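Reading the structure
Spelled out from the first residue to the last, the chains are:
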Amino acid sequence: GNDFQIKTKDSLADTGMQAIYKQVDSITSLPVSFKTGFKIKVKGDAEIASDDYYVQFKTNTGSGYGEGYYEETVGFDIVKGYESNTMPFILKNNAVDSFVLEEGNYSDRVSGDDTTNPLPSFVGHEISNMFFFKNRLGFLSNDNIILSESGLGTLDENGNSVFNFSRTSVSSLLDSDPIDVSVASSRVTNLKSAKGFQENLIIFSENGQFVLKGGDILTPRTVSITPVTNFDANGQVEPIPLGAYLYFPFNRSGFTGVREYTVNASTDVYDSTEITEHIPAFIPENILAFAGTSAEDALAVVSVSEDNAAYVYRFFFNGQKKLLSSWFKFTFDGNIRGLSFNKSIMNVVLCRNNQTHLLEMPLISNLKDTGVNHNTYLDMRRSVSVAAGATTIDLSSFYTPTDNEIKVYTTDGALIPSTNSGATVTLTNGALSSTDATNV
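None of the values given here were measured: they were computed from a predicted structure. Residue numbering note: each chain is counted from 1, following its sequence as written. The predicted nature of this model means local features are confined to residues of pLDDT at least 70 and side-chain atom pairs, given and counted, to a pLDDT of 80 or more, with totals for whole chains, interfaces and linings taken over all residues. Excluding hydrogens and water, the side-chain values take into account all heavy atoms of the structure.

**A closer look at the overall build of the chain**
To keep it simple, the criterion reads: The helix count covers DSSP runs of H or I at least four residues long, the strand count covers runs of E at least two residues long, and both are numbered beginning at the N terminus. Radius of gyration means the value over C-alpha atoms here, while the globule rule gives 2.2 Å times the residue count to the 0.38 power. Relative accessibility under 20% of the residue-type maximum defines a buried residue, over 50% an exposed one, and the middle range a partly exposed one, all with a 1.4 Å probe and only protein chains included. Only the protein chains shown count as cover for residues, and the accessible areas themselves come from Shrake-Rupley with a 1.4 Å probe. Note on charges: Lys and Arg go in the positive column, Asp and Glu in the negative column, and His and the chain ends are not counted at all. Charge positions are represented by NZ for Lys, CZ for Arg, CG for Asp and CD for Glu.
Along its length, the chain carries 0 helices and 33 strands. Here the C-alpha atoms of the chain give a radius of gyration of 32 Å, more than 25% beyond the 22 Å that 2.2 N^0.38 yields for 440 residues. Expressed as lengths along the three principal axes of its C-alpha atoms, the size of the chain is roughly 120 × 50 × 35 Å. Sorting the 440 residues of the chain into buried and exposed places 39% on the buried side. When the accessible surface of the chain is totalled, it reaches about 24,400 Å², and 48% of it is carbon and sulfur. Computed over 32 positive and 51 negative side-chain charges, the separation of the two mean positions in the chain equals 2 Å.

In structure tokens form, the structure reads like this:
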């Protein structure tokens, strides 16, 4: 287990025999027959450490001693990989309405050492966000952007996706190799989010925006990062790409503002317009949720300071001219815990009376109830079938009794006078004359 020195002497001016120990100057100095598993360092230029690499011998039979070949491997006594429980986890849909949370499958280093193939810069630091861009998994950490090896479809022997953040060879730089670059800025820069936008990656910090470019094929040789604008941004929520624009919120003296970000395709100049300039004290600070949809040209903002309200922005472009730019507010009977869009439907996770509800709110113009030419305006509405002759409606299968008043309408929009005690609704005028599918 201890280090030692070894040298050879022979009658051919010490050139007829060579001892191999720890390292050689050239791979041509290695024998064609050896023992499987023998590993050694191949040292290149004596003045340059970055061209050193390691090889391991494998016989043609896969074991024992004999003729074979050398393949690149990792160096001696180094940390090869990561602690998986400190890396981002994977939420996998393994069946209908079933998900499993599991550790990610991250590849260990397979070549080089801490000089020629160091661990990615996020090791030992917090990962602030993650994204996908041009078939690479990306992490943001402090002022660094780290992109995995190209090809997220790589599978291991068990059929699981593998994410690799280290070079597979240090003897040559491959176009598919991981990318690890930092932004150049005179200001302290903590990167918060990244969005693919018009073939480039726009990266947001709390006080500026950067663009990552890489040509048609993103490689370690072609990648570049350029600061483009210096707008303040709220680092707690993700920017939203909608059509030809990016939208992001920012903090302003106790309130929230929102900017519309775009690039001029002919001049490649990035610029931003504030879409809350005419309502500077309308949206409270401390953003809880920020979502949007291009199907209805709408954004929605929810604040922790007023979590029973959704501030909605509707806009309309005719060519390059914006014809509509309006803000309004929806107030809910409960506390919003999450909000998102599914095309024209706004989905809201609402806590109310110690229950959690998943609500959908259509933003479609001229919305009509199914099969009729009108819309019944009821919050938290449900459809139930009531038998002919019934004088009461039992809602206990889905309704927890509260002090809220319940309204009953027929499918043709007629209000049925009623009172409710808990989950039981009593029809004031007695039994229905026929079976009705009723909205309550």
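**Topic: the environment of Asp108**
Rules: In what follows, a contact means two residues having at least one pair of non-hydrogen atoms within 4.5 Å.
Mapped onto the secondary structure, Asp108 falls in the loop between strand 7 (98-103) and strand 8 (129-133). A sequence separation of 56 residues divides Asp108 from Asn164, and the C-alpha atoms of the two residues are 7.5 Å apart. Not counting residues within four places of it along the chain, the set of residues in contact with Asp108 comprises Lys80, Gly81, Tyr82 and Asn164.

**Thoughts on the sheet that holds strand 19 (residues 269-274)**
In any sheet, the strands associate via hydrogen bonds between backbone groups, in a parallel or an antiparallel arrangement. Quick reminder of the rule: Here, any two strands with at least 2 DSSP bridges between them count as paired. A fitted line through C-alpha atoms serves as each axis, taken over the contacting stretch for helices, and the angle formed by two N-to-C directions is quoted from 0 to 180°.
The strand order 16-17-18-19 describes an open sheet built from 4 strands, whose pairing is antiparallel. A single partner strand is all that each edge strand has here, and the edge strands are strand 16 (240-242) and strand 19. Averaged over all adjacent pairs, the angle separating strand axes in this sheet is 35°, with direction ignored. Here strand 16 runs beside strand 17 (residues 245-252); their pairing, made up of 3 bridges, is antiparallel. Residue pairing across strands places Ile240 opposite Tyr247, the latter belonging to strand 17.

**Observations regarding a nonpolar patch on the surface**
Note the threshold: Nonpolar side chains (Val, Leu, Ile, Met, Phe, Trp, Tyr) are joined into patches within 5 Å and like charges within 9 Å, using only residues with over 30% relative accessible area and no salt bridge. The term salt bridge refers to a pairing of a side-chain nitrogen on Lys or Arg with a carboxyl oxygen on Asp or Glu at a separation within 4 Å.
Residues Phe89, Leu91, Phe99 and Leu101 make up a contiguous nonpolar surface patch of roughly 460 Å² in combined accessible area. Those elements that place two or more of their residues in the nonpolar patch are strand 6 (89-95) and strand 7. Inspection of the secondary structure puts Phe99 in strand 7.

**A look at the packing of aromatic side chains**
Operational definition: Here the aromatic set is Phe, Tyr and Trp, taking the six-membered ring for Trp, and pairing holds for ring centres within 6.5 Å; pairs whose planes are under 30 degrees apart are stacked, those over 60 apart are edge-to-face, and all others are tilted. Here, over-ring charges are defined by two tests on the NZ atom of lysine or the CZ atom of arginine: distance to the ring centre within 6 Å, and angle to the ring normal within 35 degrees.
Taken as a whole, this structure holds 23 aromatic pairs when the rule is applied. Ring geometry for Phe282 versus Tyr311: centroids 4.9 Å apart, planes at 90°, classification edge-to-face. On the criterion of sequence distance, the pair formed by Phe282 in the loop between strand 19 and strand 20 (287-293) and Tyr311 in strand 22 (residues 306-318) is long-range, its members being 29 residues apart. In this structure an aromatic cluster arises from ring pairing among Tyr245, Tyr247, Tyr313, Phe315, Phe317 and Trp327. A cation over an aromatic ring shows up here: Arg259 above the ring of Phe250, its NZ or CZ 5.3 Å from the ring centre.

**A short note on the sheet that holds strand 32 (residues 424-427)**
Reading across from one edge, 28-32-31 is the order of the 3 strands in this open sheet, with antiparallel pairing throughout. Across the chains shown, the open sheet's two edge strands, defined by having one partner strand only, are strand 28 (392-394) and strand 31 (418-421). Strand-to-strand, the axes of this sheet are offset by a mean angle of 20°, without reference to chain direction. Of the pairings in the sheet, the one linking strand 28 to strand 32 comprises 3 bridges and is antiparallel in character. When the sheet's bridge partners are listed, Ile393 is paired in strand 32 with Val425.

**Quick look at unusual backbone geometry**
Of note, Asn142 is a non-glycine position whose phi angle comes to about 55°, a positive value. You can call Asn142 partly exposed: its relative accessible area is 35%. Despite not being glycine, Gln198 has its phi angle at roughly 50°, a positive value. With respect to the helices, strands and loops of the structure, Gln198 is situated in the loop between strand 12 (191-197) and strand 13 (200-205).

**Topic: the side chain of Gln209**
What counts, and what does not: Whenever two N or O atoms come within 3.5 Å, that pair is a polar contact, provided that in protein one can donate a hydrogen and the other can accept it, and provided that, for residues adjacent in sequence, both atoms are side-chain atoms.
Examined against the element boundaries, Gln209 turns out to sit in strand 14 (residues 209-213). Side-chain polar atoms of Gln209 contact the side chain of Thr229, separated by 2.7 Å. Contacts of Gln209, omitting those with residues within four sequence positions, involve Ile203, Phe204, Thr226, Pro227, Val228, Thr229, Asn230, Phe231, Ala233, Phe248 and Tyr261.

**What to know about the pattern of salt bridges**
Applying the stated criterion across every chain, the model contains 17 salt bridges. For Lys9, the salt bridge identified is with Asp14, shortest N-O distance 3.9 Å. Relative accessible area serves as the criterion here: at 36%, Asp14 is assigned to the partly exposed category. Across the pair Glu274 and Arg252 runs a salt bridge, and its minimum N-O distance is 2.6 Å. Here the residue Glu274 occupies a position in strand 19, and Arg252 occupies one in strand 17, the gap between them amounting to 22 residues.

**Focus: the pairing of strand 8**
Both faces of the sheet carry side chains from a regular strand, because those side chains alternate between them. On strand 8, burial follows the alternation: Asn129, Phe131 and Phe133 on one face are buried, whereas Met130 and Phe132 on the facing-out side are not. Remark: 2 residues form the turn of the hairpin made by strand 8 and strand 9 (residues 136-141), two consecutive strands paired antiparallel; Lys134 in that turn has positive phi of roughly 50°.

**Some details on the nonpolar core**
What counts is decided by this rule: As used here, the term nonpolar core means buried Ala, Val, Leu, Ile, Met, Phe, Trp, Tyr and Cys residues forming a set that is joined through side-chain atoms within 4.5 Å.
Grouped together as the largest cluster of nonpolar side chains are 18 residues, with contacts concentrated most on Tyr247, Ile275, Phe290, Leu299, Val301 and Trp327. Going through the elements one at a time, strand 16, strand 17, strand 20, strand 21 (298-303) and strand 22 are the ones with two or more residues in this core. Residue contributions to this core peak at 4 residues, all from strand 22. Leaving out residues up to four positions away in the same chain, Leu299 has contacts with Ile240, Leu242, Tyr247, Val258, Ile275, Phe290, Ala291, Gly292, Tyr311, Val312, Tyr313 and Phe341.

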